[in-house]
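# Structural overview
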Amino acid sequence: MDKEYVTQLISLRIRMVRLEKGYSQEKMASIIGISKKTLVQIEKERVLAGWTSVIAVCALFHDSEILRSVLGDDPLEVIETIAHDGINRPKDKSMGGRVWWKEIISKGDFRLQQNVISQHYRILDDKNYRWFSSFDEEEAKIRLSELTKKE
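Source: prediction; values computed, not measured. (Residues numbered from 1 in each chain as written. Predicted model: local features only at pLDDT ≥ 70, side-chain atom pairs only at ≥ 80, totals over all residues. Heavy atoms only, no water.)

### Some remarks on the packing of helix α2 (residues 14-21) against helix α4 (residues 36-43)
Helix-helix packing: each pair is described by the crossing angle between the helix axes and the interaxial distance. In contact at an axis separation of 8 Å, α2 and α4 are set at 115° when each is read in the N-to-C sense. When the axes of α2 and α4 are compared, the pair comes out roughly perpendicular. Residues Ile 14, Arg 15 and Arg 18 of α2 form the contact with α4, whose own contacting residues are Leu 39, Ile 42 and Glu 43. For the contact of α2 with α4, the residue count by class is 3 nonpolar, no polar and 3 charged. (Axes fitted to C-alpha atoms, helices over the stretch in contact; angles between N-to-C directions. Helix = DSSP H or I, 4+ residues; strand = E, 2+ residues; numbered from the N terminus. Parallel < 35°, antiparallel > 145°, perpendicular 65-115°, else oblique. Contact = heavy atoms within 4.5 Å. Nonpolar A, V, L, I, M, F, W, Y, C, P; charged D, E, K, R; others polar.)

### Here we look at the packing of aromatic side chains
Scanning the model with the defined rule gives 2 aromatic pairs in all. With a centroid separation of 6.2 Å and an interplanar angle of 65°, the aromatic rings of Tyr 23 and Phe 61 are classed as edge-to-face. With Tyr 23 in the loop between α2 and α3 (25-32) and Phe 61 in the loop between α5 (51-60) and α6 (65-71), this pair connects stretches of sequence that are 38 residues apart. Exposure remark for Tyr 23: the relative accessible area of 30% places this residue in the partly exposed category. (Phe/Tyr/Trp six-rings, centres within 6.5 Å; stacked < 30°, edge-to-face > 60°. Buried < 20%, exposed > 50% of the residue type's maximum accessible area, 1.4 Å probe, protein only.)

### Quick word on the pattern of salt bridges
Scanning all chains against the criterion turns up 7 salt bridges. For the salt bridge of Glu 146 with Arg 143, the shortest nitrogen-to-oxygen distance reads 3.3 Å. Of the two residues, Glu 146 and Arg 143 both sit in helix α8 (residues 137-149), 3 residues apart, roughly one turn of that helix. Owing to a relative accessible area of 38%, Glu 146 belongs among the partly exposed residues under this scheme. When salt bridges with common partners are traced through the structure, they connect Glu 77, Arg 122 and Arg 130 into a single cluster. (Salt bridge = Lys/Arg side-chain N within 4 Å of Asp/Glu carboxyl O.)

### Focus on the nonpolar core
By size, the foremost hydrophobic cluster in this structure holds 24 residues, and its most contacted members are Val 6, Ile 10, Ile 14, Val 54, Val 57, Phe 61 and Leu 71. Contributing elements (two or more residues each) for this core: α1 (3-11), α2, α3, α4, α5, α6 and α7 (75-83). The element that contributes the greatest number of residues to this core is α5, accounting for 5 residues. In terms of nonpolar packing, the next biggest core, distinct from the first, is built from 8 residues, Phe 110, Tyr 121, Ile 123 and Ala 140 among them. (Core = buried A, V, L, I, M, F, W, Y, C linked by side-chain atoms within 4.5 Å.)

### Some remarks on the pairing of strand β3 (residues 110-115)
For a regular strand, side chains alternate in direction, first toward one face of the sheet and then toward the other. Most of β3 sits out of view: 6 of its 6 residues are buried. Side chains Phe 110, Leu 112 and Gln 114 project from β3 onto one buried face, and the interleaved Arg 111, Gln 113 and Asn 115 project onto a second face that is buried too. One ladder, built from 6 bridges, connects strand β2 (residues 101-107) with β3; its direction is antiparallel. For Trp 101, the partnering residue across the bridge sits in β3 and is Asn 115. (Pairing = 2+ DSSP bridges.)

### Some details on α1
Every buried residue of α1 is accounted for by Val 6, Thr 7, Leu 9, Ile 10 and Ser 11. Where α1 is buried, its residues contact α2, α4, α5, α6 and α7.

### Digging into the confidence of the model for the protein
Chain-level statistics for the protein give a pLDDT mean of 88 and a share of 91% at 70 or above. The weakest mean pLDDT in the protein belongs to strand β1 (residues 87-93) at 62; the strongest belongs to α4 at 97. (pLDDT = per-residue confidence, 0-100.)

As C-alpha cells, then:
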C-alpha cells in the first residue's frame, strides 16, 4: 500500500463512513476540514480526497467498521506506517492481533505479525505493545532479530 492507493480507497468510502456515522454532508465536511462542495465532488467520485483529508478521516473515524474492513484493524497504524515509511519505536498497546493479523514468527518475548488486509507487518511484545511497523517483510525480520538479541 502507498499514499495513492490509500487515498483512492478512502476517497471511495468517505460517503459510506459519513452514512455509518449518521452525518450530513455539511457536518462531515466541517469535521474533516473541507468545503461541502469538495465533499460532494469526492462522494460523486469526480475528484479524490487529498492526503490531509484522508489522514483526517482515518484519525477522526478510526473506529469505523468501513475503514477497518478496507485497511485492517487500526486505520491510523496503516496511515502512520505509510507516512513515516515504517515505525521503529515502542508505541501503542494493541489488542494482540486476534482478528486482522496472522502470526509469522515468534521469538522470545516478541512476535512478527502480518495484517491480512493491508499486508503490512508489525512486531508486538508479550504485552501487546507495538514496537515496529513496515510494509517490508525483510526489514521487519531484521528488526525482530535485533529486538530478540537485546533480551
